[in-house]
Structures are given as C-alpha cells and as structure tokens.
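The primary structure of each chain is shown beneath.
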Amino acid sequence: EWDLSLGHDGGVRGFINGKCIMTVPQLRNPAVQGRSRARVRLAKGEHEVTIAFDLAAGFGWGIFFRWNVQGGRRESGIDAAVPELVER
C-alpha cells in the first residue's frame, strides 16, 4: 500500500491506470504539500498516474506530488519497493 500525496492550490483529480482515486475541487491558496492523500494498492509492474489540475481561472498555480510508504517500513529497516518514474 502507498499513499499518493498531493499539494495543490487549484482543484485536482487523481487517476491510477484510468481509475479516479481522488477528487478535490476546492481552491485553496497557497499550495501546501500533502494537502490531499489517497491510499492505493499497487501490484508489481508499471502503472499510469495522471493528475488533472484545475487552473481555477488563473488562481491555481502549484502542485506537489509524492509517494509515502505505509506501515512504518522505513523505521523497521524493511526495504520497500520505490516507484520509479518512467517517461513516455
């Protein structure tokens, strides 16, 4: 399991492999890291992550994206597979 974490000031929708996992339409300035999160289970292999960002008539300026490891795996010393960016 992973937490997909987004910071954003405009509204967002997050998709993994075409499935909507998050919808947050509210505008809130400034963009703060980790404002919205969605817990997802990912099987081994490649996955497509898409973030739709609403510019909110020019008020949406920033977005942050990161993965968070679940279950204290880092603290316990257990290696977690880290997602790798693959550009197409």
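For the structure, see preceding data.
Bear in mind the structure is a predicted one, so any value in this text is a computation, not a measurement.

### A short note on the sheet that holds strand 2 (residues 12–16)
Part 1 of the argument: Within the open sheet, the three strands sit side by side as 3-2-5. Their pairing is antiparallel. Sheet topology places strand 3 (19–24) and strand 5 (49–53) at the edges, where each strand pairs with a single neighbour. Each strand of the sheet is rotated relative to its neighbour by a mean of 15 degrees, with strand direction disregarded.
Part 2 of the argument: Pairing between strand 2 and strand 5: five bridges, direction antiparallel. Bridge pairing in strand 5 places Gly-14 opposite Ile-51.

### Looking at the environment of Leu-42
Part 1 of the argument: Here Leu-42 lies in the loop between strand 4 (36–40) and strand 5.
Part 2 of the argument: When its relative accessible area of 27% is taken as the criterion, Leu-42 is described as partly exposed.
Part 3 of the argument: For the pair formed by Leu-42 and Glu-1, sequence separation is 41 residues and the distance between their alpha carbons is 6.6 Å.
Part 4 of the argument: Non-local contacts of Leu-42, meaning those with residues more than four positions away in its chain, are made with Trp-2, Ile-16, His-47 and Trp-67.

Calculation notes
- Along each chain, the written sequence defines residue order, and numbers are assigned to residues from 1.
- This being a predicted model, a pLDDT of at least 70 is required before a residue's local features are given, and a value of 80 or more before pairs of side-chain atoms are given or counted; all residues contribute to the totals for chains, interfaces and linings.
- By convention in this description, side-chain values take in all heavy atoms of the structure and omit both hydrogens and water.
- Pairing between strands is defined by DSSP: at least two bridges between them are needed.
- Helix and strand labels come from DSSP, where a helix needs a run of H or I of at least four residues and a strand needs a run of E of at least two; each type is numbered from the N terminus.
- Axis lines are fitted to C-alpha atoms, over the contacting stretch for helices. Their N-to-C directions set the angle, which ranges from 0 to 180 degrees.
- In this scheme, a residue with accessible area under 20% of its type's maximum is buried, one over 50% is exposed, and one in between is partly exposed, where area comes from a 1.4 Å probe on protein chains only.
- Contact criterion: two residues are considered in contact whenever any of their non-hydrogen atoms come within 4.5 Å of each other.

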